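# Structural characterization, general
Residues per chain are reported as follows:
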Amino acid sequence: MTQLDRILEYFKTYRTLTSLEAVTKLGCTRLAARVLELERRGYIFSRKWVKVKNRFGDNVRVIEYRYIGKLEIVA
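A brief structural summary. These figures come from a predicted structure and were not determined experimentally.

## What about the overall build of the protein?
Helix and strand content of the protein: 3 helices and 3 strands. Mapped from its N terminus to its C terminus, the protein presents α and β elements in the order α-β-α-α-β-β. Dimensions of the protein along its principal axes, counting C-alpha atoms only, are 50 × 25 × 20 Å. Counted over contacts in the protein with a minimum sequence separation of 6, partners at least 24 positions apart contribute 48%. Surface accessibility of the protein: about 5400 Å² in total, with carbon and sulfur atoms responsible for 51%.

## Observations concerning the nonpolar core
Soluble globular proteins: nonpolar side chains tend toward being buried together. If you look at the biggest cluster of nonpolar residues, it comprises 15 residues, and the most contacted ones within it are Ile7, Phe11, Leu17, Leu31, Leu38 and Phe45. Mapped by element, the contributors of at least two residues to this core are α1 (3–14), α3 (31–40), β2 (43–53) and β3 (59–70).

## Structural notes on α1
The first and last C-alpha atoms of α1 sit 16 Å apart over 12 residues, in line with the 16 Å expected at 1.5 Å per residue. For α1, the set of buried residues is Leu4, Ile7, Leu8, Tyr10 and Phe11. Down the axis of α1, the buried side of the element spans an arc of 160 degrees, and every buried residue falls inside it. Those residues of α1 that are buried lie in contact with β1 (16–18), α2 (19–26), α3, β2 and β3. Count one or two residues on from α1 and you reach Arg15, which has phi positive near 75 degrees.

What counts, and at which threshold
- Residues numbered from 1 in each chain as written.
- Predicted model: local features only at pLDDT ≥ 70, side-chain atom pairs only at ≥ 80, totals over all residues.
- Heavy atoms only, no water.
- Helix = DSSP H or I, 4+ residues; strand = E, 2+ residues; numbered from the N terminus.
- Contact = heavy atoms within 4.5 Å.
- Areas by Shrake-Rupley, 256 points an atom, 1.4 Å probe, with all protein chains shown as cover.
- Core = buried A, V, L, I, M, F, W, Y, C linked by side-chain atoms within 4.5 Å.
- Buried < 20%, exposed > 50% of the residue type's maximum accessible area, 1.4 Å probe, protein only.
- Expected span 1.5 Å × (residues − 1).
- Arc of directions from axis to C-beta.

Below, the structure written as structure tokens:
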């Protein structure tokens, strides 16, 4: 299973993912790039800024990606 497969499965299960969660839960340091790859394959995501606490307890803002679904082309 590739990193991209793991990320997609995570999205299908939990619907949302931040870059901070991607690093700690999936070992992915370039979530934005992986989401772009998925979008090029027809998957749809929304983005919003959210506040989370970093490992030092400081409030920081990160992008939260929300899995919407896969674009289906109907002929």
